[in-house]
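Overview (structure and organization)
What follows is the residue order along each chain.
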Amino acid sequence: EGKNGVSCNRISIYSVSSPKNLDITTLEKASRVGVAKSLFMDQLPNKYFDQGVSKADLISGRTVRKPIKSSEVEGGVDEQVYYEFDLAFAPLECPDFNEGNKENLGLGFCPYDKIFLVSATVLDDEKGKSGTLMCFVIECDKAEWKMGNSDIKRVRSSFAVDRGA
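Along each chain, residue indices are assigned from 1 in the same order as the chain's sequence is written. Owing to the predicted nature of the model, reporting of local features is limited to residues with pLDDT of at least 70; listing and counting of side-chain atom pairs is limited to 80 or more, with chain, interface and lining totals taken over all residues. As a rule here, side-chain values come from all non-hydrogen atoms in the structure, and water together with hydrogens is ignored.

Details of the state of the cysteines
To keep it simple, the criterion reads: Only a pair of cysteine sulfur atoms within 2.5 Å qualifies as a disulfide here.
One pass over the full model with this rule turns up zero disulfides. Summary of cysteine pairing: Cys140 is not part of a disulfide, and the nearest cysteine sulfur, belonging to Cys8, is at 7.0 Å.

Listed below in structure tokens is the structure:
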């Protein structure tokens, strides 16, 4: 049967509507420029995300297309492109195996202890000139990830936005 327990530390949804030239190419470049930087995660007020996220490793990334209401398309439904990223970073210090850390195998790195699953898209304005970046972020630690990674990914995949009527 299933396990009951905490699955993540928090789920955040935020939007960014500036700079004025914000469009889907911002997300297309994220894997080269840095996901946290492209999604403005390191610039949110009060250092909302752990600042280690700006140095997080990109584990995987993919694009997904989901339906969205549109008055510009026959049938009223268009496709919206979402970028999904898996980010993770290791602790600043990694205790030695001899000090009780069973995961440090002496390979020169410490296993990840924070995982960020991100889904992001850019909703264009009516004129198609600029847009609003919409981000959905799930944060979990190593134990939470081990227990519920498939469910956590399913929650991330459920993120969708729609245009107001």
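Now that the structure has been shown, we can carry on.
So, the sheet that holds strand β3 (residues 77–89)
We count it as follows: We call two strands paired when DSSP finds no fewer than two bridges between them. A run of DSSP states H or I qualifies as a helix once it reaches four residues; a run of E qualifies as a strand once it reaches two. Both are numbered from the N-terminal end. To obtain each axis, a line is fitted to C-alpha atoms, and for helices this fit is confined to the stretch in contact; angles are then taken between N-to-C directions over 0 to 180 degrees. Any two residues whose heavy atoms approach within 4.5 Å are treated as being in contact.
Here five strands make up an open sheet; going across it, the order is β1-β5-β4-β3-β2 and the pairing antiparallel. What marks the edges here is a single partner per strand, and that holds for β1 (10–16) and β2 (57–69). When strand polarity is set aside, the average angle formed by the axes of neighbouring strands in this sheet is 20 degrees. The sheet contact formed by β2 and β3 spans twelve bridges and is antiparallel. Pairing of Ile68 across the sheet is with Asp78, part of β3. Where helix α4 (residues 142–157) meets the sheet, its contacts fall on β1, β2, β3, β4 (114–124) and β5 (131–141), and the angle it forms with β5 comes to roughly 150 degrees.

Comments concerning the nonpolar core
What counts is decided by this rule: What makes a nonpolar core is a set of buried Ala, Val, Leu, Ile, Met, Phe, Trp, Tyr and Cys residues whose side-chain atoms join them at distances within 4.5 Å. When accessible area is computed with a 1.4 Å probe and restricted to protein chains, residues below 20% of their type maximum are described as buried, those above 50% as exposed, and intermediate ones as partly exposed.
The biggest cluster of nonpolar side chains holds 26 residues, and the ones touching the most others in it are Tyr14, Leu39, Met41, Phe49, Leu87, Phe116 and Leu133. Taken together, the elements giving at least two residues each to this core come down to β1, α3 (35–38), β3, β4 and β5. The greatest single-element share of this core, amounting to five residues, is contributed by β3. Not counting residues within four places of it along the chain, the set of residues in contact with Met41 comprises Tyr14, Ala36, Phe49, Val53, Leu87, Phe116 and Val137. Counting 13 residues, the second-largest nonpolar core is a separate cluster that includes Ala88, Phe136, Ile138 and Phe159.

With respect to unusual backbone geometry
Although it is not a glycine, Phe40 sits at a positive phi angle of roughly 60 degrees. Within the secondary structure, Phe40 sits in the loop between α3 and β2.

A look at the environment of Ser18
Positionally, Ser18 belongs in the loop between β1 and α1 (25–28). Residue class for Ser18 comes out partly exposed when judged on its relative accessible area of 44%.

Let's talk about the side chain of Glu84
Heads up, the rule is: Contacts described as polar in this section are N or O atom pairs within 3.5 Å, which, within protein, must combine one atom able to donate a hydrogen with one able to accept it, while residues neighboring in sequence count only if both atoms come from side chains.
By the secondary structure assignment, Glu84 is in strand β3. Engagement of the side chain of Glu84 in a polar contact is seen with the side chain of Arg156, the distance being 3.5 Å. Ignoring sequence-local partners within four residues, the contact set of Glu84 consists of Ser60, Gly61, Arg62, Val64, Lys66, Val118, Ser119, Arg156 and Ser157.

Brief notes about the packing of aromatic side chains
To keep things clear, this is the line we draw: To pair, rings of Phe, Tyr and Trp, with the six-membered ring standing in for Trp, must have centres within 6.5 Å; the planes then decide the type, stacked if under 30 degrees apart, edge-to-face if over 60, and tilted in the middle.
Taken as a whole and judged by the stated rule, the model has seven aromatic pairs. A centroid spacing of 5.1 Å and a plane angle of 85 degrees characterise the contact between Tyr48 and Phe49, whose relative ring orientation is edge-to-face. Judged by relative accessible area, which is 0%, Phe49 ranks as buried. Here Phe49 and Phe116 contribute two aromatic rings whose centre-to-centre distance is 6.2 Å and whose plane-to-plane angle is 75 degrees, an arrangement assigned as edge-to-face. Here Phe116 lies in strand β4 and Phe49 lies in the loop between α3 and β2, a separation of 67 residues in the sequence. You can call Phe116 buried: its relative accessible area is 1%. Here the aromatic cluster, defined as three or more aromatic residues joined through ring pairs, consists of Tyr14, Tyr48, Phe49, Phe89 and Phe116.

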